[in-house]
Number of protein chains: 2
Amino acid sequence: MNIGIVGLGLIGGSLGLDLRSLGHYVIGVSRRESTCQKAIAIGSVDEASVDLSIMAGTELIVICTPIANILPTLEQLIPQVSSNTVITDVGSVKAPIVQKASSLWNNFIGGHPMAGTADSGIEAAVKNLFVKNPYVITPIDTTNPTAIALLEEIIKQLKAIPLRCYPKTHDKAVSSISHLPVMVSASLIKTCILEADTDVAQLSKNLASSGFRDTSRVGGGNPELGIMMAKYNRQALLESLQSYQHNLEELINLVEKEDWEQIDEYLQVTKKARPLFIK
Amino acid sequence: MNIGIVGLGLIGGSLGLDLRSLGHYVIGVSRRESTCQKAIAIGSVDEASVDLSIMAGTELIVICTPIANILPTLEQLIPQVSSNTVITDVGSVKAPIVQKASSLWNNFIGGHPMAGTADSGIEAAVKNLFVKNPYVITPIDTTNPTAIALLEEIIKQLKAIPLRCYPKTHDKAVSSISHLPVMVSASLIKTCILEADTDVAQLSKNLASSGFRDTSRVGGGNPELGIMMAKYNRQALLESLQSYQHNLEELINLVEKEDWEQIDEYLQVTKKARPLFIK
């Protein structure tokens, strides 16, 4: 199959490596000529260009740009491609993109491969990034079933786990298990920074160990990612945050009341539930 | 030196292994005869008994029992030992213990080695558990300086990093970097469990990855530890929780106001600060 990839970063570049290994012909587009050259050099694409017109003969196009560029990229692609070209994206928020994109293109399906590394850019591209990881697709009632079948076939070829849900279901799920942890974790770091007693502040830095390290990891990450979550998944995130505040408040009340039995119950429940979320 | 260890679990057992390697004569006490036998078998103690009278000839005694048993153990030790015996503990909360213990025994010094593994019990005892880890001691104005010198010498022999502070300073520091993360993390798990939409709840379990895994780790741990923190460090923990609520509220307000610039500032600060706490 002729497959196009727009945006040759970690995800786009890694996708290209696997698709070419599977025997597909991969055509890449990047805003920078130097990235196009690198993508060709590492074997991520067969050919690449800074010009979207190169996508003319593709049957499937995967938009792997940052979220803010997904809809503008789709609008620029439409005049260049044939009407049966299936177009998908890999953005980590789905409802705001899918709603608009589906009205522009009948063969658009939202997608979100749950894969990544701490690195970014074409230099970070690796083979088998998607193997055994969930790959969510979010078709809506008007999405062409042939397009869904085609995308699911590619996901299976990548040895990823295809999952299908509504865009809003996806956004609510990632809000609670991915975006909420960032805010919860960042607030923890902020609390430890703001300690007014300088002896306590210094000792905290000396004593922090694995508990602080793990709980603070995502809150000390790339601010751009945190802003992206807050900006594009704002409503779902606010609902998660409100629910979180409520649950924290409950725990604080139990500590205030010295209700050790109910605190035990609370922590037994969380201990028992956590493995359900951990693969 | 003749050194006594009361409570032969992970900490007591590991301490014995190292002290014997250093050439000290180690005498252990456990409530269970079977634990005494295991401690002897693994080389953690030279001799062991269920009877505290075995401690009569020791120069230093380390109480490694659960927090609730530290003060009762001290009271039972006092009639058995000579007045110049230095007694210390390894409890993770200091002010409530040190205040009472110091009034009972002039040669008492609170201690807290920042070391542990996910396992517990004498079976989990390992060599070099304390190496390069902070070991806090919390002498007060009335503590005998000779006792402080003796304990610090042993800490140095263990190749741990001795840190000295007031009991309350210790409790405030561990509250923010150790006990607060448990509550923050448990509330995250609770929020993810309580999702009412069954499709979202199921998808959350399928999509949860490293961000959720790390942020939820300590909140899914042993409930007994969480209760112990809340019970013995209640006041400091409540202060940390209130400060945390305030900082979370600030972040929520910024998301509500769509103030991306200030969210960026908030997350830049947390990103920059985190490495100060991570060794």
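Data block above holds the structure.
Here goes a summary of the coordinates provided. Chains are numbered independently. Their residues run from 1 in the order of the written sequence. Both sets of labels track the order of writing: A upward for chains, 1 upward for ligands. At least 70 in pLDDT is required for a residue's local features to be given in this predicted model, at least 80 for side-chain atom pairs to be given and counted, and no such filter applies to totals for whole chains, interfaces and linings, which use all residues. Side-chain metrics in this entry use all non-hydrogen atoms of the structure; hydrogen atoms and water are not considered.

### Considerations on the packing of aromatic side chains
- When the centres of two rings from Phe, Tyr and Trp lie within 6.5 Å, Trp using its six-membered ring, the rings pair. Their planes under 30 degrees apart give stacked, over 60 give edge-to-face, and anything left gives tilted. Tallying each qualifying case throughout the model produces three aromatic pairs over all chains.
- Ring geometry for Phe130(A) against Tyr135(A): centres 6.5 Å apart, planes inclined by 50°, an arrangement best described as tilted.
- Judged by its relative accessible area of 3%, Tyr135(A) is buried.
- Judged by centre distance (5.0 Å) and plane angle (35°), the rings of Phe277(A) and Phe212(B) are tilted. Of the two residues, Phe277(A) sits in the segment after helix 11 (260–273) while Phe212(B) sits in helix 8 (residues 210–216), which places them in two different chains. Remark: exposure states derive from per-residue accessible area (1.4 Å probe, protein chains only) relative to the maximum for the residue type, with buried under 20%, exposed over 50%, and partly exposed in between. Strands here mean DSSP runs of E at least two residues long; helices mean DSSP runs of H or I at least four residues long; both are numbered from the N terminus.

### With respect to the interface of chain A and chain B
- Two residues qualify as a contact provided that any one of their heavy atoms is within 4.5 Å of a heavy atom in the partner residue. With 85 residues of chain A at the interface, the matching set in chain B holds 85 residues.
- The term buried area means the drop in 1.4 Å probe accessible area that two parts suffer when joined, counted for both and summed. Of the roughly 8,400 Å² buried where chain A meets chain B, counting both sides, 71% is carbon and sulfur surface.
- What counts as a salt bridge is simple: a side-chain nitrogen of Lys or Arg found within 4 Å of a carboxyl oxygen of Asp or Glu. Here chain A and chain B share six salt bridges between them.
- Where Lys190(A) meets Glu250(B), a salt bridge forms, and the shortest distance between an N and an O atom there is 3.6 Å.
- Under the rule applied, a polar contact is a pair of N or O atoms within 3.5 Å (in protein, one hydrogen donor and one hydrogen acceptor; residues adjacent in sequence only if both atoms are side-chain atoms). Inspection of the region where chain A meets chain B yields 20 residue pairs in polar contact (both at pLDDT 80 or more).
- When contributions to the side of chain A that touches chain B are tallied by element, the ones reaching two or more residues are strand 7 (134–138), helix 6 (167–193), helix 7 (198–207), helix 8 (210–216), helix 9 (223–232), helix 10 (234–256) and helix 11 of chain A.
- If you tally residues by element for the side of chain A that touches chain B, the top one is helix 6 of chain A, at 20 residues.

### So, unusual backbone geometry
Residue and element names in this part refer to chain A.
- Non-glycine residue Asn-128 carries a positive phi angle of around 60°.
- Mapped onto the fold, Asn-128 is located in the loop between strand 6 (108–113) and strand 7.
- Residue Asn-128 is classed as exposed on the basis of its relative accessible area, which comes to 52%.
- In this model, Lys-132 sits at a positive phi of 65°, which is unusual for a non-glycine residue.

### Observations concerning the relation of the copies chain A and chain B
- A residue counts toward the fit only if its pLDDT is at least 70 in both copies, and the copies are then superposed by least squares on the C-alpha atoms of those residues. Superposition of chain A onto chain B requires a rotation of 180° combined with a translation of 0.1 Å along the rotation axis, giving an RMSD of 0.1 Å. Here the copies are linked by what is in effect a two-fold axis. Proximity to the rotation axis, assessed at the C-alpha, singles out Thr215(A) in chain A; its C-alpha lies 2.1 Å from the axis.

Everything listed here is a matter of coordinates, which is why it stays silent on function.
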